[in-house]
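Examining the three-dimensional arrangement
For reference, the chains in residue letters:
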Amino acid sequence: RNDGDQFHTRIDHQIGEKDSLFGRYSYSQGEVISPAGLPLTGGLQETKANSITVQESHTFSATKVNQFRVYWTYFKDRVGFPLADRNLAAEEFGLLNLTPASTAYGLPQLIVTGLTTMGANPFQPFGPRENTYGLADDFSWIAGRHAMKFGFDGRYYRPAALVQQTPNS
């Protein structure tokens, strides 16, 4: 099953004769469920994203325009497996040396050489969590037959990740 939703909104406002403001907010979320043959196996993926942009445009003349923009984007992706309500490795399989976190309670991965692999993937759940903050400014200038654009786009990128340190295998 693949299910998701998106929401976008935008507003434009003319501040004065030479200034305009624009803002946009976007949100999306999705979920993918990939079942497998045994209970508490298969895969789950949850994705969320938010984005906000605000931009001010100033017209100096018919040939000179400046645009200043600030923005933020957040992205989160979590990949995991169906969770149990208890430590199945210890309680159902007697594997007492495995102590997964409660976010990794699931069917342990069992590998039968030459036959099959069943159970949850090791080192799950995992996934990135990222924030990007930005400032940008563009100045456009038309001089005769020449069109020039100057500016910068500075970004502060803050990556982080969920990484399961206790393998479920």
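Above this text sits the structure in question.
These numbers were taken from a predicted model, which means no experiment stands behind them.

Looking now at the packing of aromatic side chains. Counted according to the given criterion, the structure contains 4 aromatic pairs. Measuring from ring centre to ring centre gives 6.4 Å for Trp 72 and Tyr 74, while their planes differ by 20°; the resulting arrangement is stacked. Look at Trp 72 and you get partly exposed, because its relative accessible area is 24%.

We now examine the pattern of salt bridges. Under the defined criterion, the tally for this structure stands at 6 salt bridges. In this structure, Arg 86 engages Asp 85 in a salt bridge whose closest nitrogen and oxygen atoms are separated by 3.0 Å. Overall, the relative accessible area of 66% leaves Asp 85 in the exposed class. Salt-bridge contacts for Glu 91 lead to Arg 86; the nearest nitrogen and oxygen are separated by 3.3 Å. Connected via shared salt-bridge partners are Asp 85, Arg 86 and Glu 91.

Let us look at a nonpolar patch on the surface. Side chains of Ile 15, Leu 21, Ile 52, Val 54, Phe 68, Val 70, Leu 135 and Phe 152 sit close together on the surface and give an oily, nonpolar patch of about 630 Å² of accessible area. Looking at the element boundaries, Phe 68 is found in strand 4 (residues 64–80). On the basis of relative accessible area, Phe 68 is assigned to the partly exposed category, the value being 36%.

Basis of the calculations
- Residues numbered from 1 in each chain as written.
- Predicted model: local features only at pLDDT ≥ 70, side-chain atom pairs only at ≥ 80, totals over all residues.
- Heavy atoms only, no water.
- Phe/Tyr/Trp six-rings, centres within 6.5 Å; stacked < 30°, edge-to-face > 60°.
- Buried < 20%, exposed > 50% of the residue type's maximum accessible area, 1.4 Å probe, protein only.
- Salt bridge = Lys/Arg side-chain N within 4 Å of Asp/Glu carboxyl O.
- Patch = residues over 30% accessible without salt bridge, like charges linked within 9 Å, V, L, I, M, F, W, Y side chains within 5 Å.
- Areas by Shrake-Rupley, 256 points an atom, 1.4 Å probe, with all protein chains shown as cover.
- Helix = DSSP H or I, 4+ residues; strand = E, 2+ residues; numbered from the N terminus.

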